[in-house]
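Understanding the architecture of this molecule
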Amino acid sequence: MAKTMKKVDAVIVGFGWTGAIMAKELTEAGLNVVALERGPMRDTYPDGSYPQTIDELTYNIRKKLFMDVSRETVTVRNTTADGALPMRQLAAFLPGTGVGGAGLHWSGVHFRVDPVELRLRSHYEERYGKKFIPEGMTIQDFGVSYEELEPHFDFAEKVFGTSGTAWSIKGKVVGEGKGGNPFAADRSDDFPLEAQKNSVSGTLFGKAAEAVGYHPYNMPSANTSGPYTNPYGCQMGPCNFCGFCSGYACYMYSKASPNVNVLPALRQEPKFELRANAHVLKVNLASDGKRATGVTYVDAQGQEVVQPAELVILGAFQFNNVRLLLLSGIGKPYDPVSGKGTVGKNFAYQNLATIKAFFGKDQHHTNPFIGAGGNGVAIDDFNGDNFDHGPAGFVGGSPMWVNQAGTKPISGLAVPPGTPAWGSAWKAAAADYYTHHLSMDMHGAHQSYRDNYLDLDPNYKDAFGMPLLRMTFDWKENDIKMSRFMVDKMRKIAEAMNPKAIGVYAKDFGSHFDLSSYQTTHLNGGAIMGTDPSTSAINRYLQSWDVPNVFVLGASAFPQGLGYNPTGLVAALAYWSAKAIREQYLKHPGALVQA
Amino acid sequence: MSPDDTSPARRDFLRKSLTLIPAAALAGQAASGAAAAAPGHGAAAARDYQPTFFTPEEWAFLRAGVARLIPADERGPGALEAGVPEYIDRQMATPYASGSQWYMHGPFNPDAPKTMGYQLRLAPREIYRLGIRDAEAWSRKQHGKPFATLDAATQDALLAQFEQGEAQFEGVPSKVFFALLLGNTREGFFCDPVHGGNQGMVGWTLIGFPGARADFMDWVERDERYPFPPVSIRGERA
Ligand SMILES: Cc1cc2nc3c(=O)[nH]c(=O)nc-3n(C[C@H](O)[C@H](O)[C@H](O)COP(=O)(O)OP(=O)(O)OC[C@H]3O[C@@H](n4cnc5c(N)ncnc54)[C@H](O)[C@@H]3O)c2cc1C
Ligand code: SF4
């Protein structure tokens, strides 16, 4: 028999970035809030304490902080005609678990969004005509504008303690010649911290990009360039470029995380309770299916517990949110044949390619072990719609950058193409090039398509006997066209550095989604936001169209993938949704947008 | 409201960047930051170690195999000198080696394309057990002798057959076995010595990786050789 807890005003599923932000906002509004996190308690101490955390084998290789796939994973197939297989080992993406979620061990690249991408379909139709968008590509507008979100981008940067160089503030150009990004949207205020120093690799990239005619800028990073206290009173110390950043908890209190930047304030809040090791199985609905009554979870002892609540917030990360909606029967599951239904629709990813440049030992010392997760130099000349897509013939843009986050020898040692994988020749190349190479990426927006979608797997189950989520996903012609175009541009930047050798790591026509190698953990869609309940699962305030006391936060709301990394927009949307709950919903609980 | 200070270490980190080196390393720290002594021939052998997972025959194969994957040569010590066999044997006692960190529920489809990731039901312990058995059988079939007794060129040729999937294995595809062996060998060559490999930090010294120093505030902008030798989690200095 399930145990039933005392009813609360709001229950939050997952305590990563979105869960933490919403918990703070709702307790500020006076609500009693319980956050349920499936993973263990985690914090800087002990999970990121020096020197134990400086251990590549334990963290990058054995993946100590990431989701435990022995208990719960996803299945994958390329097309509806294939049988799906479970992702048995972590590799392509590395979702978080435990208090802080992926926010504890993310890298900290902290962008806003290119405003064009919020109204992608409308923009392309206006500039290039309806026919330009290929058949089967299901991109949509978000239903919210950059101007509406701007105050929330600004506040999130202040909470995260983000370092960067503004281009323009309230219409006045301030960042010219200083490392600002001329393509960046206007801002209401500066970054809370100035940009971090640049790595040698970043500087080389910037000079080469400039020589080729592009506009390098300092990447905004949620790694601190100096000491900082955020609006919640949480303190951070300066990042020292330790290089053990992505996949690690920061031992210096320098990388923004829910644990460092929000939880210390929430701990002072008697209306807030955090329960770790609480795995939510489903959202419970009233008999009419139109109201959530709370959630059911399994606690550390394996006991089922019912937590009644007035308001249910899903902040369980993109694909977990979608799975919870499907398991709970909230919204209509998407059907790729009819195109009807919304839950699972528009699953999109990132379209990444990498070029490595290898220098002679008297040419450059790039010391790639030095780095910070969000640190780098980038160009936006080919991001968003900053160039004419007409002749290029594809949808989407890509920033390009050197983002030297700390390259370590087991996971990141690179040798020039053609080097054998072992033996003396490999050893010599490893020794000759490790401290003399750099890596650059085209990060790549990824579009949504009619037949890339999510549903429940009919065969494979998790440790609780519940069906796994199934991803039906593959690269499409548009993705490959874009990748080839961008790689071509990036190669010219690499060549301008005069390296001895160049390695290109990119998809080509016929390439399939590869579960065995890491790309990014930037998964999007499946519970997308929009203005029409027949084409979106949640409204512009991230409220379920079907069950209005359920809000679904995170990149599951993105109708397609961004050129930039997602978390800046994920955080801004969480604050935007919180504002709607605080100012509108709590006064008149119910649908915030009439269907 | 003030942020909580539940962590004893927290206050120390705020406001300034400390130069952090594991305590034991400080004792022997020369202020000059002189380059590490160049490792070369005659570098110390790995410490003595008695395997607990591998049988004597398997151990002989493992030692001979890793010594070819990362050989000792004019660039310095190789996998054997770094203690890679000890590392791999010690790994066999971890949850990783029993596959308990992987999703291991059937049905399995071992013929799935490589892009679907690992799809076998075998855990690393089983891959070693079956793989070494099959590698030895293949070696005897081709050359009439155990792998460890062959000359280096013949061993390299056999390893290349395993790598390419050209050797006929019974229990596990030779490519899968080879990939595991090579992956674990690199791990053991470059991991922190706390895991039993990279003894004397010879792997890090070879490539110029500074180990657990993890503080580069003053070095990030310099296009120069980083002069300090590596340190380990336990505070050893190369
Ligand atoms: C290695 C890595 C590097 C990254 N780097 C960047 C970067 O540089 N820039 C960027 O913008 N983004 C980056 N990201 C992505 C970023 O981490 C995510 O966008 C962000 O954390 C999303 O926040 P979230 O709240 O949606 O999910 P998360 O922060 O992952 O939190 C979700 C939480 O929900 C919990 N949960 C899931 N299911 C359940 C359940 N059933 N019951 C209870 N709890 C549950 C999870 O355990 C988790 O703790 C990176 C991610 C990774 C893994
Ligand atoms: S690189 Fe900087 S932000 Fe990242 S973990 Fe190290 S000190 Fe922290």
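Residues numbered from 1 in each chain as written. Chains lettered and ligands numbered in written order. Predicted model: local features only at pLDDT ≥ 70, side-chain atom pairs only at ≥ 80, totals over all residues. Heavy atoms only, no water.

Here we look at the site of ligand 1
Residues and elements named next belong to chain A. Close to ligand 1 lie 36 residues, the nearest being Thr18, Glu37, Arg38, Val109 and Thr567. With respect to ligand 1, the backbone of Ser107 contributes an N or O atom lying 3.0 Å from a nitrogen atom. Contacts to ligand 1 include Val280, whose backbone N or O atom sits 2.9 Å from a nitrogen atom. When contributions to the shell around ligand 1 are tallied by element, the ones reaching two or more residues are helix 1 (17-28), helix 4 (102-105) and strand 12 (279-285). Ranked by residue count, the leading element in the shell around ligand 1 is helix 4, at three residues. Broken down by class, the residue content of the shell around ligand 1 amounts to 14 nonpolar, 20 polar and two charged. (Near = heavy atom within 4 Å. Polar contact = N/O pair within 3.5 Å; in protein donor to acceptor, adjacent residues only side chain to side chain. Helix = DSSP H or I, 4+ residues; strand = E, 2+ residues; numbered from the N terminus. Nonpolar A, V, L, I, M, F, W, Y, C, P; charged D, E, K, R; others polar.)

Regarding the packing of helix 3 (residues 56-69) of chain B against helix 5 (residues 124-143) of chain B
All names here are of chain B. Two elements in contact, helix 3 and helix 5, have axes whose closest approach is 10 Å; the angle formed by their N-to-C orientations is 75°. Between helix 3 and helix 5, the angle is such that the two are roughly perpendicular. Here Glu57, Glu58, Phe61 and Leu62 of helix 3 come into contact with helix 5, specifically with Tyr128, Arg129, Ile132, Ala135 and Glu136. Along the lines of polarity and charge, the residues of the contact of helix 3 with helix 5 split into five nonpolar, no polar and four charged. (Axes fitted to C-alpha atoms, helices over the stretch in contact; angles between N-to-C directions. Parallel < 35°, antiparallel > 145°, perpendicular 65-115°, else oblique. Contact = heavy atoms within 4.5 Å.)

Section: the side chain of Asn375 of chain A
Residues and elements named next belong to chain A. Its place among the elements puts Asn375 in the loop between strand 15 (353-358) and strand 16 (377-379). Residue Asn375 is classed as buried on the basis of its relative accessible area of 2%. Beyond its immediate sequence surroundings of up to four residues, Asn375 is in contact with Gln196, Lys197, Asn198, Ser199, Ser221, Asn223, Phe241, Val402, Asn403 and Gln404. (Buried < 20%, exposed > 50% of the residue type's maximum accessible area, 1.4 Å probe, protein only.)

As for the site of ligand 2
The full set close to ligand 2 counts 14 residues, and Cys239, Cys242, Cys245, Cys250 and Gly371 of chain A are the nearest of them. When its residues are assigned to classes, the shell around ligand 2 shows eight nonpolar, five polar and one charged.

Things to note about the interface of chain B and chain A
Taken residue by residue, the interface counts 83 residues in chain B and 76 residues in chain A. Carbon and sulfur atoms make up 61% of the surface buried where chain B meets chain A, a total of about 6800 Å² over both sides. Viewed at the interface, chain A and chain B are joined by three salt bridges. Across the pair Asp432 of chain A and Arg75 of chain B runs a salt bridge, and its minimum N-O distance is 2.6 Å. Linking chain B to chain A there are 34 residue pairs in polar contact (both at pLDDT 80 or more). Taken together, the residues of the side of chain B that touches chain A break down into 45 nonpolar, 19 polar and 19 charged. (Buried area = accessible area lost by both parts, 1.4 Å probe. Salt bridge = Lys/Arg side-chain N within 4 Å of Asp/Glu carboxyl O.)

Remarks on the side chain of Ser556 of chain A
All names here are of chain A. Looking at where Ser556 falls in the secondary structure, it is placed in the loop between strand 22 (550-552) and helix 16 (567-585). Under the relative-accessibility criterion, Ser556 is labelled buried at 0%. In contact with Ser556, other than residues within four places in its own chain, are Gln318, Asn321, Val322, Gly525, Gly526, Ala527 and Ile528.

Quick word on the pattern of salt bridges
Residue and element names in this part refer to chain A. Applying the stated criterion across every chain, the model contains 37 salt bridges over all chains. When the shortest N-O distance is used, the salt bridge between Arg323 and Asp462 registers 2.8 Å. Of the two residues, Arg323 sits in helix 11 (residues 318-328) while Asp462 sits in the loop between strand 19 (453-461) and strand 20 (467-472), which places them 139 residues apart along the sequence. Assigned by exposure class, Arg323 and Asp462 land together as buried.

So, helix 11 of chain A
Residue and element names in this part refer to chain A. The element helix 11 is extensively covered by neighbouring structure, given that 11 of its 11 residues are classed as buried. Turning to helix 11, its buried residues are Gln318, Phe319, Asn320, Asn321, Val322, Arg323, Leu324, Leu325, Leu326, Leu327 and Ser328. A positive backbone phi angle near 75° is found at Gly329, which sits one or two residues after helix 11.

Let's talk about the nonpolar core
Counting residues in hydrophobic clusters, the biggest one holds 119 residues, and the most contacted among them are Phe93 and Leu569 of chain A. A total of 12 residues in this core trace back to one element, the largest contributor, which is helix 16 of chain A. Residues in contact with Phe93 of chain A, not counting those within four places in the same chain, are Val74, Met87, Phe319, Tyr349, Met471, Phe513, Tyr518, Thr520, Thr521 and Leu523 of chain A. Residues Tyr248 of chain A together with Ile70, Leu158 and Ala214 of chain B belong to the second largest nonpolar core, which totals 85 residues. (Core = buried A, V, L, I, M, F, W, Y, C linked by side-chain atoms within 4.5 Å.)

Focus on the sheet that holds strand 4 (residues 74-77) of chain A
Paired through backbone hydrogen bonds, the strands of a sheet run either parallel or antiparallel to each other. Residues and elements named next belong to chain A. Read from one edge of the open sheet, four strands run 5-4-20-19, paired in mixed fashion. Each of the sheet's edge strands pairs with one partner strand only, and the pair in question is strand 5 (85-86) and strand 19. Judged from the four bridges that link them, strand 4 and strand 20 form a sheet pairing that is parallel. Among the inter-strand pairings, Val76 is bridged to a residue of strand 20, identified as Met471. Lying on the sheet, helix 11 is in contact with strand 4, strand 19 and strand 20; it crosses strand 20 at an angle near 120°. (Pairing = 2+ DSSP bridges.)

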